[in-house]
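So you can see what is in the structure, the chains are spelled out below.
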Amino acid sequence: MNGFKTFGLMAILTFLFLLIGGAIGGQSGMIIALIFAGITNFISYYFSDKMVLKVYKAQELPKDHRVTVMVEKLARNAELPMPKVYMVNQNQPNAFATGRNPSHAAVAVTKGLADSMNDNELSGVLAHELGHIANRDILIGTVAATLAGAISYLGYASRFGMGNRNNRGGNVIFMLLAMILAPLAASLIRMAISRAREYKADSFGAKVSGNPLYLSNALSKLETYSKQIPMSGNQATSHMFIVYPFSGKSFSALFSTHPPTSERIKRLKQMAVTV
């Protein structure tokens, strides 16, 4: 069901792009916007792991580290290639996965996560991150980001009269609406895709770790710590973490890159009952 929702949301995003591009940008506007977003996301796609790890000054962990040993065991259970494992020197417990496919992937944990989680909770978190790798969420996110970027660019370009000059009067109101609503619509759909993928990764993590309560208990801790311990970093990377890492929540759940943690915990506990 989550996969169906993801592709449905991406279809809506594609429709918005075609509608707005054709109305305010004409053929030339659509081409320029698509090229601009395509180049940006091509670079992000192929170098995403290096870029994000560098932002957080992540250091690769040795093979005998507790986290590396656990990732190796879970990856073997999930029949995935062994990803590289990194640690971020921040006190807030959190984690993320990056890379363009299972063969080019990395899992990063914060120092706070390694210090605060017992083995069961840590295995739940790491299995969740392996779920993002197995489900190829980086690829799906990149495609969505490309289209969202193109829509946002069209809204920006409309400020400078990039629309069809032969129909300025009829398009003025539409261009104003597009300038405001297009980037917002693109962002909302992209965030909704991110939320859907979190549920799927939770389910994967629950199965691979062996017990849904491992991840459920970990999420409960993570939610508490995220409100108490600040984390520094780039807001654009917030969707990558297992829980929202930065202080100051979004205006509403609609704008959040993550589903409510309480709902995630509820679903995991329901899984535990049926196991």
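Whatever comes next refers back to the structure up there.
Residues numbered from 1 in each chain as written. Predicted model: local features only at pLDDT ≥ 70, side-chain atom pairs only at ≥ 80, totals over all residues. Heavy atoms only, no water.

A. Just the pattern of salt bridges, in detail. All told, the structure shown has eight salt bridges when counted by the stated rule. A salt bridge links Arg-197 to Asp-137; its shortest N-O distance comes to 2.7 Å. Remark: Asp-137 occurs in helix α5 (residues 137–157) and Arg-197 occurs in helix α6 (residues 168–209); sequence separation between them is 60 residues. Each member of the pair, Arg-197 as well as Asp-137, carries the same accessibility label: buried. In the salt-bridge network here, residues are joined through shared partners; they are Glu-198, Asp-202 and Arg-264. (Salt bridge = Lys/Arg side-chain N within 4 Å of Asp/Glu carboxyl O. Helix = DSSP H or I, 4+ residues; strand = E, 2+ residues; numbered from the N terminus. Buried < 20%, exposed > 50% of the residue type's maximum accessible area, 1.4 Å probe, protein only.)

B. Region of the structure containing the pairing of strand β3 (residues 95–101). Buried residues dominate β3, accounting for six of its seven residues. Alignment of β3 against strand β4 (residues 104–110), held across six bridges, turns out to be antiparallel. Bridge pairing links Thr-98 to Ala-106 in β4. In this antiparallel pair of consecutive strands, β3 and β4, the connection spans two residues. (Pairing = 2+ DSSP bridges.)

C. Looking closely at the sheet that holds strand β1 (residues 59–60). Reading across the sheet, the four strands line up as β1-β2-β4-β3 and stay open at both edges, with mixed pairing between neighbours. Only two strands of the sheet have a single neighbouring strand rather than two, namely β1 and β3. When strand β2 (residues 84–88) meets β4, the two strands line up parallel, connected through five bridges. Paired with Val-88 across the strands is Thr-110, a residue of β4. Strand contacts of helix α4 (residues 119–134): β3 and β4, with the helix running at about 150° to β4, the strand carrying the most contacts. (Contact = heavy atoms within 4.5 Å. Axes fitted to C-alpha atoms, helices over the stretch in contact; angles between N-to-C directions.)

D. Structural context of the side chain of Ser-123. Note on placement: Ser-123 falls in helix α4. Judged by its relative accessible area of 8%, Ser-123 is buried. There is a polar contact of 2.6 Å between the side chain of Ser-123 and the backbone oxygen of Asn-120. Dropping the residues within four chain positions of it, Ser-123 is found in contact with Met-70, Leu-74, Ser-209 and Tyr-214. (Polar contact = N/O pair within 3.5 Å; in protein donor to acceptor, adjacent residues only side chain to side chain.)

Shape is all these values report; function is a separate question.
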